[in-house]
Amino acid sequence: MIQKINSILLVDDDPDDQLLFQEALSDADNSIQYTSASDGIHALEQLNTEGAVLPELIFMDVNMPRMNGLDCLKEIQKSTKLKHIHVIMYSTSCSVEYQKECFANGAVDYIEKPNDFKTLCTRIAGVIRQGILPAVNTIPPAL
């Protein structure tokens, strides 16, 4: 059963990328609650705060200071409280080996950051239309 996305957390250390993502998300569906974190440590602090409302979907940048996206993904997957949250890795890096490692550690998708705003809007709208599918944490056959 496909579930509508009501809340998204973006974990990205670049404030400009956060702003562009927020604008693209608002263009796609302004009813979705948006929050952001500047790195993996900040994201885990937010997610583990007592009484925190957990997002249904996390877009996670790969290259960040303090704690990178893959390490944060691994911590999310270790947590019984958090491992149900779908995580999409979101990066300028397109290394197939790194993508395989992300999928092997629980990512449900890996999206390369687009170079232009229109493409970003299209990709985010596509994810929202797809909704939350049952997690299948396996490496896609194309990789």
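Computed from a prediction, not measured in an experiment: that's the story for all the values here.

S.K.: Where do I start with the side chain of Gln 18 in this structure?
M.R.: Along the chain, Gln 18 turns up in helix H1 (residues 15-28). Gln 18 sits in the buried class, given a relative accessible area of 16%. At 3.5 Å, the side chain of Gln 18 and the backbone oxygen of Ala 37 are in polar contact. Ignoring any residue separated from it by four or fewer positions in sequence, one finds Gln 18 in contact with Leu 10, Asp 12, Tyr 34, Ser 36, Ala 37 and Ser 38.

S.K.: What's the story with the environment of Asp 116 in this structure? I'm lost.
M.R.: Of note, Asp 116 is situated in the loop between strand S5 (109-112) and helix H5 (117-130). Placed 45 residues apart in sequence, Asp 116 and Asp 71 show a C-alpha to C-alpha distance of 28 Å. A distance of 2.9 Å separates a polar atom in the side chain of Asp 116 from a polar atom in the side chain of Thr 119.

S.K.: Looking at this structure, I do not really get the packing of aromatic side chains. What am I missing?
M.R.: The description of an aromatic ring pair rests on the distance of the ring centres and on the angle between the ring planes. The final tally for this structure, using the stated rule, is 4 aromatic pairs. Measuring from ring centre to ring centre gives 5.7 Å for Phe 59 and Tyr 90, while their planes differ by 85°; the resulting arrangement is edge-to-face. Here the residue Phe 59 occupies a position in strand S3 (residues 57-61), and Tyr 90 occupies one in strand S4 (residues 86-91), the gap between them amounting to 31 residues. Pair check on accessibility: Phe 59 and Tyr 90 agree, each one buried.

S.K.: When you look at the pairing of S4 in this model, what are you seeing that I'm missing?
M.R.: On a regular strand, one side chain projects to one face of the sheet and the next to the other, so that they alternate. Most of S4 is tucked away, with 6 of its 6 residues classed as buried. Of the two faces of S4, the one lined by His 86, Ile 88 and Tyr 90 and the one lined by Val 87, Met 89 and Ser 91 are each fully buried. As paired elements, S3 and S4 share 5 bridges and run parallel to each other. When the bridges of S4 are listed, Met 60 appears paired with Met 89. The parallel pair S3 and S4, bridged by helix H3 (residues 69-78), forms a crossover whose chirality is right-handed. Examined bridge by bridge, S4 and S5 share 4 bridges and lie parallel to one another. Opposite Ser 91, over in S5, you have Glu 112 as the bridge partner. For the crossover from S4 across helix H4 (residues 96-104) to S5, the handedness is right-handed.

Conventions used here
Residues numbered from 1 in each chain as written. Predicted model: local features only at pLDDT ≥ 70, side-chain atom pairs only at ≥ 80, totals over all residues. Heavy atoms only, no water. Helix = DSSP H or I, 4+ residues; strand = E, 2+ residues; numbered from the N terminus. Buried < 20%, exposed > 50% of the residue type's maximum accessible area, 1.4 Å probe, protein only. Polar contact = N/O pair within 3.5 Å; in protein donor to acceptor, adjacent residues only side chain to side chain. Contact = heavy atoms within 4.5 Å. Phe/Tyr/Trp six-rings, centres within 6.5 Å; stacked < 30°, edge-to-face > 60°. Pairing = 2+ DSSP bridges. Right-handed = clockwise from strand over helix to strand, strands pointing away.

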